[in-house]
Amino acid sequence: MKKCLLLVASCLLFPITYWASPSLNGPTGLISIPTAEALKYKEFNVAFDYGMGANIQSKTSADDWSYKLNMGTFENWEIGVVGGKVPTEGMYLNVKYYLMSDDSQLPLSIAIGSENLSSMSQTNIYMIASKKMREDIGLHLGFKAIFEPEQLSPSIMGGLNYFATEELEFLGDIDGDGKTYRANLGLRYFLTNQFSFRIFILDISEQVKNSARFSIGLSFSKFL
């Protein structure tokens, strides 16, 4: 009986049936960084986000919008696209490969990938590790290298996610471009275990002049 009560309490603390959502840059992740969360074969997620103010990538002053779509294909692979008013160079392709994930109660996962393929200045490769610190808290740390004209810019990235309730998840991450680092905060509210509403506050430290201030969006996850 005690074991059953502990199992029920664990499920209430961390809604493991709530599926992962795309980041603003496309791959499954937090706010602006990917995580090592895995999309299973034939599982997909899609999101639409509207940015109010300047854009965190293009640094333009107008509002913007973008869509993201990711799918679990083959074994351990996630392939996705991001497009819309941003990125300004057209649709980008993202790929992620899950190197490992253990079966412990608080698992550690590691993934490698590439974002913004086909971009002239924003293509990057990355490695990210995700670890559950508790049933309701996840820690994510990694690094990436951005391919810019005639140079390669390395940077680190990291973030946290915390389920305050079954429906409400708080997020925070730090991302950089090799020169400056931006801190972002946000939340996701799960209307169902597949459908969520999200609000992000971007670059709260204002490291980039006229950078984006707010983003609101919707995401949806499902098996085909």
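Remember, it's a predicted structure, so these values are computed and weren't measured experimentally. Per chain, residues are indexed from 1 in the order of the written sequence. The model is predicted, so local features are restricted to residues of pLDDT at least 70 and side-chain atom pairs to those at 80 or more, both for listing and for counting; the totals for chains, interfaces and linings are taken over all residues. With hydrogens and water set aside, each side-chain value is computed from the structure's full complement of heavy atoms.

A.B. asks: Report on the overall build of the chain, specifying residues and quantitative values.
C.D. replies: Elements are defined by DSSP. Helices are runs of H or I of four residues or more, strands are runs of E of two residues or more, and each kind is numbered from the N terminus. In terms of regular secondary structure, the chain is built from 1 helix and 12 strands. In the chain, the succession of helices and strands from N to C terminus is α-β-β-β-β-β-β-β-β-β-β-β-β. Per-residue accessibility, obtained with a 1.4 Å probe over protein chains only, is compared with the maximum for each type, and a residue is labelled buried under 20%, exposed over 50%, and partly exposed between these values. Within the chain, the fraction of its 224 residues that count as buried is 44%. Residue contacts follow a heavy-atom distance rule, with two residues in contact if any of their heavy atoms lie within 4.5 Å. Taking the intrachain contacts of the chain between residues at least 6 apart in sequence as the baseline, contacts between residues at least 24 apart amount to 44%.

A.B. asks: Describe unusual backbone geometry, naming the residues involved and giving the relevant values.
C.D. replies: Valine 86 connects to proline 87 through a cis peptide bond whose omega is 5°. Among the secondary structure elements, proline 87 is positioned in the loop between β3 (77-84) and β4 (92-101). Not every positive phi belongs to a glycine, and phenylalanine 74 is a case in point at roughly 55°. Residue classification places phenylalanine 74 among the exposed residues on the basis of a relative accessible area of 62%. In this model, aspartate 203 sits at a positive phi of 50°, which is unusual for a non-glycine residue. Mapping aspartate 203 onto the fold places it in the loop between β11 (195-201) and β12 (214-223).

A.B. asks: Lay out the nonpolar core in plain terms, naming residues and giving numbers.
C.D. replies: Judged by nonpolar contacts, the single largest core of 14 residues is most densely connected at Ile31, Ile128 and Phe200. With residues up to four places along the chain from it excluded, the contact list for phenylalanine 200 reads Leu24, Leu30, Ile31, Asp49, Leu171, Leu185, Gly186, Leu187, Arg213, Phe214 and Ser215. In this text, buried Ala, Val, Leu, Ile, Met, Phe, Trp, Tyr and Cys residues form a nonpolar core when linked through side-chain atoms within 4.5 Å.

A.B. asks: Which residues make up the side chain of histidine 140, and what are the values?
C.D. replies: With respect to the secondary-structure elements, histidine 140 resides in strand β7 (residues 137-148). According to the relative accessible area criterion, histidine 140 is buried, its value standing at 5%. In protein, a polar contact requires one atom able to donate a hydrogen and another able to accept it; more generally it is a pair of N or O atoms within 3.5 Å, and residues adjacent in sequence count only if both atoms are side-chain atoms. Among the polar contacts made by the side chain of histidine 140, one reaches the side chain of serine 130 at a distance of 2.7 Å. Not counting chain neighbours up to four residues away, the residues in contact with histidine 140 comprise Leu30, Thr35, Ile128, Ala129, Ser130, Met157, Gly158, Gly159, Leu160 and Asn161.

A.B. asks: I'd like a description of the sheet that holds strand β5 (residues 108-117), backed by residues and values.
C.D. replies: For two strands to count as paired, DSSP must find a minimum of two bridges between them. With respect to topology, 12 strands assemble into a closed barrel ordered β1-β2-β3-β4-β5-β6-β7-β8-β9-β10-β11-β12, the strand pairing being antiparallel. Pairs of neighbouring strands in the sheet enclose a mean axial angle of 20°, with direction left out of account. The sheet contact formed by β11 and β12 spans 7 bridges and is antiparallel. When the sheet's bridge partners are listed, serine 196 is paired in β12 with serine 219. Note on method: axes are straight lines fitted to C-alpha atoms, helices fitted across the in-contact stretch only, with angles between N-to-C directions ranging 0 to 180 degrees.

A.B. asks: I'd like to hear about the packing of aromatic side chains, residue by residue, with values.
C.D. replies: Aromatic pairs are defined between Phe, Tyr and Trp rings, using the six-membered ring for Trp, whenever the two ring centres lie within 6.5 Å; interplanar angles under 30 degrees are classed as stacked, those over 60 as edge-to-face, and all others as tilted. Within this structure, the stated rule accounts for 5 aromatic pairs. Look at phenylalanine 48 and tryptophan 65: their rings are 6.0 Å apart centre to centre, the planes differ by 25°, and that puts the pair in the stacked class. Of the two residues, phenylalanine 48 sits in strand β1 (residues 43-52) while tryptophan 65 sits in strand β2 (residues 64-73), which places them 17 residues apart along the sequence.

A.B. asks: Any chance you could break down the pattern of salt bridges for me, citing the residues and the numbers?
C.D. replies: Take a side-chain nitrogen of Lys or Arg and a carboxyl oxygen of Asp or Glu: if they are within 4 Å of each other, that pair is a salt bridge. Evaluation of the coordinates by the stated rule reveals 8 salt bridges. Ionic pairing is found between lysine 96 and glutamate 78, a salt bridge with its closest N-O pair at 4.0 Å. With a gap of 18 residues between them, lysine 96 in strand β4 and glutamate 78 in strand β3 connect regions that are remote in the sequence. The exposure classification of lysine 96 matches that of glutamate 78, with both residues buried. Aspartate 177 is the salt-bridge partner of arginine 182, the closest N and O atoms lying 3.9 Å from each other. As far as burial versus exposure is concerned, arginine 182 and aspartate 177 are alike and both buried. Three or more residues are tied together by salt bridges with common partners; here these are Asp49, Lys68 and Arg198.

A.B. asks: Mind laying out the confidence of the model for the chain, listing which residues take part and the relevant values?
C.D. replies: Averaged over all residues, the pLDDT of the chain is 85; the fraction at 70 or higher stands at 85%. pLDDT is defined as a per-residue confidence score from the predictor, taking values between 0 and 100. Low pLDDT, under 50, characterises residues 1-17; the predicted model gives this stretch 13 contacts beyond four residues in sequence or across chains. Low pLDDT (under 50) marks residues 55-60, which in the prediction has 15 contacts with non-local residues, meaning those over four places away or in another chain.

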